[in-house]
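One letter stands for each residue in the lines below.
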Amino acid sequence: HQISFTDFLAAMLEVKHTHQNSLCAAAFRIFDRDVDGYITVNELQVILNHSSSSTLPAEVLLAMIAEVDTDRDGKIDYKEFLQIVRRK
């Protein structure tokens, strides 16, 4: 059973005003655990595996990152995060 990064974000951010910067920034900080400005595969793994009873394979996590990684650097920056959040 796979969940896309987009669907996961939509479920996590079911708030009337997800377009507000303060809400988006707070959500981003949840994922960006080391506060370096990026969501990495390891950070995504910590959050998703903590909120799930099963561990997602690295390939699935890499696919989630690749789905929104427009600059192809292997991680999600705040701009990429905003684009995916605001799409929903």
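As the structure is a prediction and not an experimental result, all values here were calculated from the model. (Residues numbered from 1 in each chain as written. Predicted model: local features only at pLDDT ≥ 70, side-chain atom pairs only at ≥ 80, totals over all residues. Heavy atoms only, no water.)

Here we look at the overall build of the chain
Of the regular secondary structure elements, the chain holds five helices and two strands. In the chain, which comprises 88 residues, the share counted as buried stands at 36%. Here the contacts in the chain between residues at least 6 apart in sequence split such that 52% fall between residues at least 24 apart. Accessible surface computed for the chain: about 5,500 Å², of which carbon and sulfur atoms make up 53%. (Helix = DSSP H or I, 4+ residues; strand = E, 2+ residues; numbered from the N terminus. Buried < 20%, exposed > 50% of the residue type's maximum accessible area, 1.4 Å probe, protein only. Contact = heavy atoms within 4.5 Å. Areas by Shrake-Rupley, 256 points an atom, 1.4 Å probe, with all protein chains shown as cover.)

Examining the packing of helix H1 (residues 5-12) against helix H5 (residues 78-87)
Between two packed helices, the angle of one axis relative to the other and the distance separating the axes together describe the packing. Two elements in contact, H1 and H5, have axes whose closest approach is 9 Å; the angle formed by their N-to-C orientations is 70°. In terms of orientation, H1 and H5 fall into the roughly perpendicular class. On H5, the residues that touch Phe5, Thr6 and Leu9 of H1 are Phe81, Ile84, Val85 and Arg87. Taken together, the residues that form the contact of H1 with H5 break down as five nonpolar, one polar and one charged. (Axes fitted to C-alpha atoms, helices over the stretch in contact; angles between N-to-C directions. Parallel < 35°, antiparallel > 145°, perpendicular 65-115°, else oblique. Nonpolar A, V, L, I, M, F, W, Y, C, P; charged D, E, K, R; others polar.)

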